[in-house]
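One-letter residues, chain by chain:
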Amino acid sequence: MKQIQVPIHQTEMTSALAGYSAPLYVQAYQYMKREITAGRWPNQARLPSVRKLADLLGISTTPVEMAYQQLLAEGFIVSRPRSGYFVHTPDELFPIPAAPPSPSGPKLKRHHHFPFDFHMSKNEYRHFPIAAWRKAYSRCLQEENGAEMLFYGDPQGEEGLRREIAAYARSVRGVQCTPEQVIIGSDPYPLLDIVCRLLRPYGDRVGVENPGYPQYPEAFRQNGFQVIPLAVHEDGIRQDDLRGSGVRLVTVSPSHQFPTGVTMPISRRLALLQWAHENRRVHYRG
């Protein structure tokens, strides 16, 4: 049976995205969702790969990956291992009204006020202890070693902070480690990049939660891994899916899964550790 491809036209999609002021991944998500609900993209049609669509639009792969993950979470598309993403049309379509055309003349600024902002990279600044933070920062600058803050420190992270993290991991998480085994980075992405290099000799197939945090699969792809999506159920990924995937590496977020918020029960966590121990495999706990 011939596989149907989603009819994406570069000029049409680029023009549609240009009419929004929202982040790129939101623009792409809204456009694709509208095409699906309007019935213009056939059911079971295959979407372009993340990299192919990013190249088509002239953007990075991250916004495309995030848009796909949101569509996946809402059930508008499905992911098939080693095949890609496919349109999953609901039984009954409810077309989303088209966005109003952009007004001619000077661009108007629209201000939308929402009581909550759940964007994953936003913080609740109203409750940030700015006064206490400023006081602590000023005290650090006034100390004898305050001048050291103006220069590059230990590339592995400040020794005092690494020592406290090792103590915290031991007392709270039960993880036995020394400050020399702790590495501090600016955010999870460069740290995961280091993890990828360390794990490369253990295999080239890695399982990731689906849906999940989009930076994880992208980091693995950039390091030459084949990413295998594993469905997230009400209690996390299933052992049957894990064993059937053939992966030797897997990344999970057991305490608070993104974006579902699922917490993996202790029985599932122990089973995951047992899987890793029996098969000499590796799991990365995000």
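Read on for a plain summary of the structure. Everything numeric here is computed off the predicted structure, so don't read it as measured data.

**Details of the overall build of the protein chain**
A count of helices and strands for the protein chain gives 10 helices and six strands. At a minimum sequence separation of 6, the contacts of the protein chain that also span at least 24 residues come to 59%. Accessible area of the protein chain: about 18,800 Å², with a carbon and sulfur share of 56%.

**Observations regarding a nonpolar patch on the surface**
Where nonpolar side chains cluster on the molecular surface, the patch consists of Phe128, Ile130, Trp133, Tyr137, Leu141 and Met149 and spans about 610 Å² of accessible area. Relative to the elements of secondary structure, Met149 occurs in the loop between α5 (130–142) and α6 (159–173). Classification of Met149 as partly exposed rests on a relative accessible area of 45%.

**Section: helix α3 (residues 50–57)**
All of the buried residues along α3 are Val50, Leu53, Ala54 and Leu57. Within α3, the buried residues cover an arc of 100° as seen down the axis, which keeps them to one side. Summarising the geometry of α3, the exposed residues directed more than 90 degrees from the buried face are Lys52 and Asp55. Backbone geometry just after α3 places Gly58 at a positive phi near 75°.

**Things to note about the pattern of salt bridges**
Overall, the coordinates contain nine salt bridges when judged by the stated rule. Taking the shortest distance from any N to any O, the salt bridge between Arg40 and Glu35 comes out at 3.0 Å. Its relative accessible area of 45% is what places Arg40 among the partly exposed residues. Looking at Glu35, the relative accessible area reads 6%, which means it is buried. Arg238 is paired through a salt bridge with Glu234; the nearest N and O atoms lie 2.9 Å apart.

**Some thoughts on the environment of Glu35**
Relative to the elements of secondary structure, Glu35 occurs in helix α2 (residues 24–37). The sequence separation of Glu35 and Pro7 amounts to 28 residues, and the corresponding C-alpha distance is 9.9 Å.

**Here's the deal with the packing of α2 against helix α4 (residues 61–73)**
At their nearest, the axes of α2 and α4 sit 8 Å apart, and the two run at 45° to each other. With respect to each other, α2 and α4 are oriented oblique. Between α2 and α4 the crossing geometry is right-handed. Between α2, through Leu24, Tyr25, Ala28, Tyr29, Met32 and Lys33, and α4, the contact on the second element is made entirely by Pro63, Met66, Ala67, Tyr68, Gln70 and Leu71. Classifying every residue of the contact of α2 with α4 gives 10 nonpolar, one polar and one charged.

**Overview of the pairing of strand β2 (residues 84–87)**
Pairing between strand β1 (residues 77–80) and β2: four bridges, direction antiparallel. Its bridge partner being in β2, Ile77 is matched across the sheet by Val87. As consecutive antiparallel partners, β1 and β2 are separated by three residues, and within that stretch Arg82 has a phi angle of approximately 65°, a positive value.

**Some remarks on the environment of Tyr25**
With respect to the helices and strands, Tyr25 occurs in helix α2. A sequence separation of 44 residues divides Tyr25 from Gln69, and the C-alpha atoms of the two residues are 10.0 Å apart.

**Side note on the packing of α3 against α4**
The geometry of α3 relative to α4 is characterised by a closest axis approach of 8 Å and an angle of 125° between their N-to-C directions. Classified by the angle between their axes, α3 and α4 sit oblique to one another. Every pair of crossing elements has a handedness; the one defined by α3 and α4 is right-handed. In this structure, α3 uses Val50, Arg51, Leu53 and Ala54 to contact α4, whose residues at the interface are Thr61, Val64, Glu65 and Tyr68. Looking at side-chain class alone, the contact of α3 with α4 contains five nonpolar, one polar and two charged residues.

Scoring rules and cut-offs
Residues numbered from 1 in each chain as written. Predicted model: local features only at pLDDT ≥ 70, side-chain atom pairs only at ≥ 80, totals over all residues. Heavy atoms only, no water. Helix = DSSP H or I, 4+ residues; strand = E, 2+ residues; numbered from the N terminus. Contact = heavy atoms within 4.5 Å. Areas by Shrake-Rupley, 256 points an atom, 1.4 Å probe, with all protein chains shown as cover. Patch = residues over 30% accessible without salt bridge, like charges linked within 9 Å, V, L, I, M, F, W, Y side chains within 5 Å. Salt bridge = Lys/Arg side-chain N within 4 Å of Asp/Glu carboxyl O. Buried < 20%, exposed > 50% of the residue type's maximum accessible area, 1.4 Å probe, protein only. Arc of directions from axis to C-beta. Axes fitted to C-alpha atoms, helices over the stretch in contact; angles between N-to-C directions. Parallel < 35°, antiparallel > 145°, perpendicular 65-115°, else oblique. Left-handed = near helix turned anticlockwise from the far one by under 90°. Nonpolar A, V, L, I, M, F, W, Y, C, P; charged D, E, K, R; others polar. Pairing = 2+ DSSP bridges.

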